[in-house]
Amino acid sequence: MTIYLVDVEQVIHTCPGEPEPHPYDIRRTLVDVIPGAPCRAPVTIRCGQVTTTIPCYRHEPAKRQCGACRVIVTERTIINHHPTGVAA
Ligand SMILES: [Zn+2]
Ligand SMILES: [Zn+2]
């Protein structure tokens, strides 16, 4: 599978509706992509006289892709910001 490594930066706050601190502004930055193995379930398509084989991720929706093509997102670091006036 392909792994997307992301850094997450989020602002934590409390508001009248939700007194528990919760993230309300989340930003993800893609920092690295680790390519997966070759496709284990290539799809053969025919276009006129030409037959070609493509990896299943270019043809199937995510839930039907093979394990090698599937993408997972890993959060490498999570940085929490607290607005001034709110204790960390
Ligand atoms: Zn809120
Ligand atoms: Zn595949």
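Whatever comes next refers back to the structure up there.
Described below are features of the structure shown in this document. Because the structure is a prediction, the values reported are computed rather than measured.

What follows concerns the overall build of the protein chain. Each helix and strand in the protein chain was counted, giving zero helices and five strands. In the protein chain, the order of α-helices and β-strands from amino to carboxyl end is β-β-β-β-β. Scaling as 2.2 N^0.38, a compact globule of 88 residues should have a C-alpha radius of gyration of about 12 Å, whereas the protein chain reaches 21 Å, well beyond that. With 88 residues in all, the protein chain has 3% of them scored as buried. Long-range pairs, those at least 24 residues apart, make up 59% of the contacts in the protein chain between residues at least 6 apart in sequence.

This part covers the sheet that holds strand 2 (residues 18–34). Reading across from one edge, 2-1-5 is the order of the three strands in this open sheet, with mixed pairing throughout. A single partner strand is all that each edge strand has here, and the edge strands are strand 2 and strand 5 (71–81). This sheet shows a mean twist of 25 degrees between the axes of neighbouring strands, independent of strand direction.

As a further point, take the environment of Leu-5. Tracing the backbone shows Leu-5 in strand 1 (residues 2–15). For Leu-5, a count of 15 C-beta atoms within 10 Å puts it in the partly exposed group. Along the backbone, Leu-5 and Leu-30 are 25 residues apart, and their C-alpha atoms lie at a distance of 6.0 Å. Setting aside anything within four residues of it in sequence, one finds Leu-5 in contact with Val-31, Asp-32, Ile-34, Thr-74 and Arg-76.

Before going further, it helps to examine the pairing of strand 2. Within a regular strand, the side chains alternate between the two sheet faces. With respect to burial, strand 2 is a largely exposed element, only zero of its 17 residues being buried. As paired strands, strand 1 and strand 2 are joined by 12 bridges and run antiparallel to one another. The residue bridging Ile-3 from the neighbouring strand is Ile-34, located in strand 2. Hairpin connection, strand 1 to strand 2: the antiparallel pair is bridged by two residues.

Attention now moves to the pairing of strand 4 (residues 50–54). Burial analysis of strand 4 places just zero of its five residues in the buried class, which makes it a mostly uncovered element. Of the strand pairs in this sheet, strand 3 (residues 43–47) and strand 4 are connected by five bridges, and their pairing is antiparallel. In the strand pairing of strand 4, Ile-45 is matched with Thr-52. Between the end of strand 3 and the start of strand 4, which pair antiparallel, lie two residues, with Gly-48 showing a positive phi angle near 65 degrees.

Reading the values: rules and limits
Residues numbered from 1 in each chain as written. Chains lettered and ligands numbered in written order. Predicted model: local features only at pLDDT ≥ 70, side-chain atom pairs only at ≥ 80, totals over all residues. Helix = DSSP H or I, 4+ residues; strand = E, 2+ residues; numbered from the N terminus. Rg over C-alpha atoms; globule rule 2.2 N^0.38 Å. Buried ≥ 20, exposed ≤ 12 C-beta atoms within 10 Å, placed from the backbone. Contact = placed C-beta atoms within 7 Å. Pairing = 2+ DSSP bridges. Axes fitted to C-alpha atoms, helices over the stretch in contact; angles between N-to-C directions.

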